[in-house]
Amino acid sequence: MGCYNLMCDGFVQTTSDICLGTFHEVSTLNGDQKDASFSIHKDQSSGHWWVQLQGISVGYYPSSLFTTLSKKATTITWGGEIYNGRSKGRHTLTQMGSGHFPSEGVMKTSS
């Protein structure tokens, strides 16, 4: 598809109960831990690819957006990216992940 965020045309959000984009509640080392469960599946009748967060359908990518994915997918991946728009490679205040190793903290996981 070539999209990396929800600013791209095509995604149809079907609920106003969940705002997609940024997580405001995050885990803290040796403190409260937060997690989120995501899933994506293809509706066999419409061909749309549905996105769920915590088991709630939040929207879909219409089948009309796809060519090779119109039949099936073998792998689906997603992730995050930090973009530094400042000149001369200076860091922004944007953060991703905790900077700690998975062996640290209460749940022994890190992202």
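Residues numbered from 1 in each chain as written. Predicted model: local features only at pLDDT ≥ 70, side-chain atom pairs only at ≥ 80, totals over all residues. Heavy atoms only, no water.

It is worth spelling out the pairing of strand β2 (residues 38-42) at this point. Relative to strand β3 (residues 49-53), β2 runs antiparallel, the two being bridged by 5 bridges. Bridging from a neighbouring strand, Ser-39 pairs with Gln-52 of β3. Hairpin connection from β2 to β3: 6 residues lie between these consecutive antiparallel strands, with Gly-47 at a positive phi of about 85 degrees. (Pairing = 2+ DSSP bridges. Helix = DSSP H or I, 4+ residues; strand = E, 2+ residues; numbered from the N terminus.)

Of note, Ser-63 is situated in the segment after β4 (56-61). Taking relative accessible area as the criterion, Ser-63 reaches 26% and is therefore assigned partly exposed. Expressed as a C-alpha distance, the spacing of Ser-63 and Ser-46, which sit 17 residues apart in the sequence, is 7.2 Å. Excluding anything up to four places from it in sequence, Ser-63 contacts Ser-46, Gly-47 and His-48. Within polar-contact distance, the side chain of Ser-63 engages the backbone oxygen of Ser-46 at 3.3 Å. (Buried < 20%, exposed > 50% of the residue type's maximum accessible area, 1.4 Å probe, protein only. Contact = heavy atoms within 4.5 Å. Polar contact = N/O pair within 3.5 Å; in protein donor to acceptor, adjacent residues only side chain to side chain.)

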